[in-house]
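Now for the letters of each chain:
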Amino acid sequence: MNRASWIALLSGLLFGAGLAVSGMADPSRVRAFLDVTGRWDPTLGFVMGGAMLPMIVAWRIKARLDRPLVGDGFHVPATIAIDRKLIGGGALFGVGWGIAGLCPGPAIADLAVRPLPAAIFVAAMLGGMAVNRMIFSRKPKEPAHAVQHA
């Protein structure tokens, strides 16, 4: 395994451990955060706020680097446009997160703790990703009246 793979593995383990220690892999904790009219639990907000601090530092360091310390280049989104596709995807993600109390990271971590419920969620997540790829990777058809010039 190369150096970049080791760093990715260690980063994933650190992220998973953070989810477990903070309790954010527990779907009931996430649902309680979203239940603003009932028994609201603000701890997820503190975890998200705490996660922003190291990211602020990381983005400042990234701005000073020509390339990452490990890897060929930075992988950042090519666009910053806010369009219907982004809004729709965000809404679907939020609804799924609210219903299941899981998002991709905690779902993967939960495979070790609650294998069956997490596996159902992960299977549905992978299915949704496959459907998205099938729908949005199609090349648009040319109109029937289009004339091709050689």
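Residues numbered from 1 in each chain as written. Predicted model: local features only at pLDDT ≥ 70, side-chain atom pairs only at ≥ 80, totals over all residues. Heavy atoms only, no water.

Enquirer: Sorry, what's going on with the overall build of the chain here?
Expert: Broken down by element type, the chain carries six helices and zero strands. If you list the helices and strands of the chain from N to C, you get α-α-α-α-α-α. Expected size for 150 residues packed as a compact globule is a radius of gyration near 15 Å; at 20 Å, the chain overshoots this value by more than 25%. Across the chain, the fraction of contacts at a sequence separation of at least 24, relative to all contacts at a separation of at least 6, is 39%. Surface exposure of the chain reaches about 12100 Å², of which carbon and sulfur atoms provide 69%. Side-chain charges in the chain split into 15 positive and 8 negative, and the spacing between the mean points of these groups amounts to 4 Å. (Helix = DSSP H or I, 4+ residues; strand = E, 2+ residues; numbered from the N terminus. Rg over C-alpha atoms; globule rule 2.2 N^0.38 Å. Contact = heavy atoms within 4.5 Å. Areas by Shrake-Rupley, 256 points an atom, 1.4 Å probe, with all protein chains shown as cover. Lys, Arg positive; Asp, Glu negative; His and termini not counted. Charge placed at Lys NZ, Arg CZ, Asp CG, Glu CD.)

Enquirer: How should the side chain of Asp110 be read in this particular structure?
Expert: In this fold, Asp110 is placed in helix 5 (residues 104–110). Its relative accessible area of 2% is what places Asp110 among the buried residues. Beyond its immediate sequence surroundings of up to four residues, Asp110 is in contact with Ala25, Pro27, Leu102, Pro115 and Ala118. (Buried < 20%, exposed > 50% of the residue type's maximum accessible area, 1.4 Å probe, protein only.)

Enquirer: Where do I start with the environment of Trp6 in this structure?
Expert: Among the structural elements, Trp6 can be located in helix 1 (residues 3–22). What makes Trp6 partly exposed here is its relative accessible area of 45%. The sequence separation of Trp6 and Ala124 amounts to 118 residues, and the corresponding C-alpha distance is 29 Å.

Enquirer: Just to check I follow, could you spell out the packing of aromatic side chains for this structure?
Expert: In this description, an aromatic ring pair is defined by two values, namely the gap between the centres and the angle between the planes. Within the structure shown, the criterion is met by one aromatic pair. When the ring centre of Phe74 is taken as origin, the NZ or CZ atom of Lys62, which lies over that ring, is 4.8 Å away. (Phe/Tyr/Trp six-rings, centres within 6.5 Å; stacked < 30°, edge-to-face > 60°. Lys NZ or Arg CZ within 6 Å of the ring centre and 35° of its normal.)

Enquirer: Help me understand the environment of Phe74, please; the structure alone is not making it clear to me.
Expert: Here Phe74 shows up in the loop between helix 3 (43–64) and helix 4 (84–100). C-alpha separation for the pair Phe74 and Ala63, spaced 11 residues apart in sequence, amounts to 11 Å. With near-sequence residues (within four places) excluded, Phe74 lies in contact with Lys62, Leu65, Asp66, Arg67 and Pro68.

Enquirer: What is the right way to read helix 6 (residues 115–136) from this model?
Expert: Because each turn of an α-helix spans 3.6 residues, side chains separated by three or four positions in sequence point in the same direction. Between its terminal C-alpha atoms helix 6 stretches 31 Å, which fits the 32 Å expected from 22 residues at 1.5 Å a residue. Within helix 6, burial applies to Ala118, Phe121, Val122 and Met125. For helix 6, the angular spread of buried residues about the axis comes to 100°, placing them on one side. Those residues of helix 6 that are exposed and aimed more than 90 degrees away from the buried face are Leu116, Ile120, Ala124 and Met134. Tucked into the core, helix 6 has its buried residues touching helix 4 and helix 5. (Expected span 1.5 Å × (residues − 1). Arc of directions from axis to C-beta.)

Enquirer: What exactly am I supposed to notice about the nonpolar core here?
Expert: Generally speaking, soluble globular proteins have nonpolar side chains that are buried together. In terms of nonpolar packing, the biggest core is built from six residues, these being Leu19, Met24, Val30, Phe33, Leu44 and Trp97. Here Phe33 is in contact with Trp40, Asp41, Pro42, Leu44, Gly45 and Met48, once residues within four sequence places are set aside. With five residues, the next largest nonpolar core counts Ala107, Phe121, Val122 and Met125 among its residues. (Core = buried A, V, L, I, M, F, W, Y, C linked by side-chain atoms within 4.5 Å.)

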